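Residue-level structure breakdown
Residue-level listing of the chains:
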Amino acid sequence: MNVPEGTPHGPTWYAGTMVAAPGRTALSFDLDVDVCVVGGGLAGLSAAREIARRGWSVAVLEARRIAWNASGRNCGFVIPGFAETMDLVVRRVGLDHAKSLWALSEVGVEYVRSTIRETGMPGVDPVDGWLKVSKADDAEHDLALIKLYGQEFGAEVEGWPTERVRAVLKSDHYFHGIHLPRAFNIHPLNYALGLAAAAEAAGVRIFEDTPVLAIDPEGVRKRIVTPSARLRALHIVLAGNVHLGALQPRLSRTLLPMWTYLVTTEPLGPRLDAAISYRGGVTDTDRADNHYRIVGDNRLLWSGRMTTWEADPKWFVRKLRADLQAVYPQLGKVEIEHVWSGVMGYALHRMPQIGEFSPGMWIASGFGGHGINTTAMAGTVVARGITEGDDAWRLFLPFEFVWAGGAIGRAAAQVSYWWFSHRERSKARAARKREQEYRLSQARGAPETEPEPGAPDTQPDAPGQTAVAPPPASEMPDDTVEVRPADRVTGL
């Protein structure tokens, strides 16, 4: 089912399985509206729909096609939280502020869920669950996050020990994990197309192939210039992510563009069931490598790798296939049928950019690394800010517009990714080695002289002495989590 590269949404598996969607004409006449949304991705469509539902007139201007890039090309995970880990958010803004941000992120998850249900969107196929697994055997950090999510944020969260993880992800590359049962995954392109239809049903006018050439933000009525028409609006919402470019250089320079790469395999049949029996989304890193899930007719959608420049996705087929086969060697030779990329925008603080940055000018951007729930949240927050004067968007003020460093910043980000990836792989190899040595020592009946959990490998202190690793996380006692909130948190 290879999709020709010339299709409007690229050679993706999503494009090959998209629902029928109408083409929309370009704006060819002058128009006055209450709100103009620039960008027809998930954030712009969410904001437009919610503003229109409150009785305001709205136009969406999209330079290409609805959801042509990241909104229709991502992994499809709908997860509470943000790209930045919540422990670091707490450290930056304090616990109470972080609780409010987490609550907003959960609103975003529920918005996506309820919108799919209420509109009866075809082809979106939501599947419950998201599992973040560790490739190392030191559970302390994840235990702290589980307590934070469950005890402080009131989230429904489970800590899975290694044996439970490996029962569904049959790989010795993985140890313990954090499971969010209320997260889910979807077909993002079909969701975007359904969201566009829902926005139009609410009264939004959507124009494709309509790039914005200039914006005059002065005065009560802001002016927008397109190739064939002019538009005036009381408010403008910029939801163009890294594609704002020269239109708003001050904002576009605050985002690092990062391309990630995705493949889908051939249908794998019983081979896939023998390797993976979990149908939710899986993440095994805090950065680009790897995120995956089962899609369609028993295919595996697998993503990873990252560049700060646009590269031919075909260059990454070999590396992504090697990543997949290293984790699941039982799959044997795997043929790749689709490969594509998408570009995301990251702020240096790894939080979204949401709010009013000048009178009547709004931003909804910077969703790299945690997009779908955050786009929905941003749309509702901006809509309430415009139509009701709600100030929830001010929760994001501590995360300023910071220059991303231009070409030097991109180079630094690429080097940082390479360094992080190398360190992560080294830690994973060391963890597997410790586990193998422990099992070997148990089989030989060696005495259990254990180093501290997570300690690096060491040489024996004396000739003939056997260095024994700590037990794997699967053998940690049940009381590893000292405090468990009733019926909300399960310990590792």
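Calculation notes
- Residues numbered from 1 in each chain as written.
- Predicted model: local features only at pLDDT ≥ 70, side-chain atom pairs only at ≥ 80, totals over all residues.
- Heavy atoms only, no water.
- Helix = DSSP H or I, 4+ residues; strand = E, 2+ residues; numbered from the N terminus.
- Contact = heavy atoms within 4.5 Å.
- Areas by Shrake-Rupley, 256 points an atom, 1.4 Å probe, with all protein chains shown as cover.
- Expected span 1.5 Å × (residues − 1).
- Buried < 20%, exposed > 50% of the residue type's maximum accessible area, 1.4 Å probe, protein only.
- pLDDT = per-residue confidence, 0-100.
- Pairing = 2+ DSSP bridges.
- Patch = residues over 30% accessible without salt bridge, like charges linked within 9 Å, V, L, I, M, F, W, Y side chains within 5 Å.
- Salt bridge = Lys/Arg side-chain N within 4 Å of Asp/Glu carboxyl O.
- Phe/Tyr/Trp six-rings, centres within 6.5 Å; stacked < 30°, edge-to-face > 60°.
- Axes fitted to C-alpha atoms, helices over the stretch in contact; angles between N-to-C directions.
- Parallel < 35°, antiparallel > 145°, perpendicular 65-115°, else oblique.
- Nonpolar A, V, L, I, M, F, W, Y, C, P; charged D, E, K, R; others polar.
- Core = buried A, V, L, I, M, F, W, Y, C linked by side-chain atoms within 4.5 Å.

**Remarks on the overall build of the protein chain**
Broken down by element type, the protein chain carries twelve helices and 18 strands. Within the protein chain, contacts between residues at least 6 apart in sequence are counted, and of these 76% link residues at least 24 apart. When the accessible surface of the protein chain is totalled, it reaches about 20400 Å², and 53% of it is carbon and sulfur.

**What about unusual backbone geometry?**
Positive phi outside glycine occurs at aspartate 125, with the angle close to 50°. Positionally, aspartate 125 belongs in the loop between α4 (95-119) and β4 (127-133). For arginine 305, which is not glycine, the phi dihedral falls at a positive 65°. Structurally, the position occupied by arginine 305 is in strand β14 (residues 299-307).

**Brief notes about helix α5 (residues 140-152)**
Taking 1.5 Å per residue as the helical rise, α5 with its 13 residues ought to reach 18 Å, and the 17 Å between its terminal C-alpha atoms agrees with that figure. Within α5 the residues assigned to the buried category are Asp142, Leu143, Leu145, Ile146, Leu148, Tyr149 and Gly150. Immediately beyond the C-terminal end of α5, within one or two residues, lies glycine 154, with a positive phi of roughly 70°.

**Here we look at the confidence of the model for the protein chain**
On average, residues of the protein chain score 88 in pLDDT, and 89% of them are at 70 or above. pLDDT under 50 marks residues 449-490. Its contacts with residues more than four places away, or in other chains, come to 65 contacts.

**Here we look at the pairing of β4**
Most of β4 is tucked away: five of the seven residues are buried. Examined bridge by bridge, β4 and strand β6 (residues 177-185) share six bridges and lie antiparallel to one another. Residue lysine 132 lies in a different strand from β6, and its bridge partner there is isoleucine 178. Sheet topology note: the β4/strand β12 (residues 281-283) ladder contains three bridges and is parallel. Residue tryptophan 130 lies in a different strand from β12, and its bridge partner there is glycine 281.

**Here's the deal with a nonpolar patch on the surface**
Together, Trp309, Val415 and Trp418 make up a nonpolar patch on the protein surface, roughly 340 Å² of accessible area in all. Relative to the helices and strands, valine 415 is located in helix α12 (residues 406-444).

**Remarks on the packing of aromatic side chains**
On inspection of all chains with the given rule, the structure shows 13 aromatic pairs. Taken together, a centroid distance of 4.9 Å and an interplanar angle of 25° make the contact between tryptophan 102 and tyrosine 149 stacked. In this pair, tryptophan 102 sits in helix α4 while tyrosine 149 sits in helix α5, placing the two residues 47 residues apart along the sequence. A residue is classified by how much of its surface remains accessible, and tyrosine 149, at 12% relative accessible area, is buried. For the ring pair tyrosine 292 and tryptophan 302, a centre distance of 4.3 Å and an interplane angle of 15° mean the geometry is stacked.

**Examining the pairing of strand β11 (residues 256-265)**
Among the ten residues of β11, ten are classified as buried, and the element is accordingly described as predominantly covered. Burial of the side chains of β11 extends over both faces: Leu256, Met258, Thr260, Leu262 and Thr264 are buried on one face and Pro257, Trp259, Tyr261, Val263 and Thr265 on the other. The pairing of β11 with strand β15 (residues 336-346) spans ten bridges and is antiparallel. Looking at the pairing, tyrosine 261 lines up with serine 341 of β15. The sheet contact formed by β11 and β14 spans six bridges and is antiparallel.

**Quick word on the pattern of salt bridges**
Between side chains of opposite charge, pairing is possible as soon as their charged atoms come close. One pass over the full model with this rule turns up 27 salt bridges. Here glutamate 200 ties to arginine 24 by a salt bridge, and the two come within 3.0 Å at their closest N and O atoms. With glutamate 200 in helix α7 (residues 188-201) and arginine 24 in the loop between α1 (13-16) and β1 (31-38), the pair connects residues that are 176 residues apart, well separated along the chain. Judged by relative accessible area, which is 10%, arginine 24 ranks as buried. Residue aspartate 323 is joined to arginine 425 by a salt bridge in which the shortest nitrogen-to-oxygen separation is 3.7 Å.

**A short note on the packing of α4 against helix α11 (residues 371-388)**
Closest axis-to-axis distance for the α4/α11 pair is 7 Å, and the angle between their directions is 100°. For the element pair α4 / α11, the angle class is roughly perpendicular. The residues of α11 that touch α4, namely those facing Leu104, Ser105, Gly108, Val109, Tyr111 and Val112, are Ile372, Asn373, Ala376, Met377, Thr380, Val381 and Arg384. In terms of residue class, the contact of α4 with α11 is built from eight nonpolar, four polar and one charged.

**Section: the nonpolar core**
Counting residues in each nonpolar core, the largest one holds 76 residues, and the members touching the most others are Met86, Val112, Tyr149, Ile186 and Tyr191. Methionine 86 has contacts with Ala98, Trp102, Leu148, Tyr149 and Phe153, leaving out every residue within four places of it along the chain. Formed by 35 residues, the second largest nonpolar core is a distinct cluster that contains Tyr174, Leu268, Val282 and Tyr328.

**As for helix α2 (residues 42-53)**
Spanning twelve residues, α2 covers 16 Å between terminal C-alpha atoms, matching the ideal 16 Å at 1.5 Å per step. Buried within α2 we find Leu42, Ala43, Gly44, Leu45, Ser46, Ala47, Ala48, Arg49, Glu50, Ile51 and Ala52. Following α2 by one or two positions, glycine 55 adopts a phi angle in the positive range, close to 90°.

**Observations regarding the environment of glycine 41**
Within the fold, glycine 41 resides in the loop between β1 and α2. Residue classification places glycine 41 among the buried positions, given a relative accessible area of 15%. Each C-alpha atom of the pair glycine 41 and alanine 67 lies 4.7 Å from the other, and the pair is 26 residues apart in sequence. Those residues in contact with glycine 41 that sit more than four places away from it in its chain are Glu62 and Ser71.

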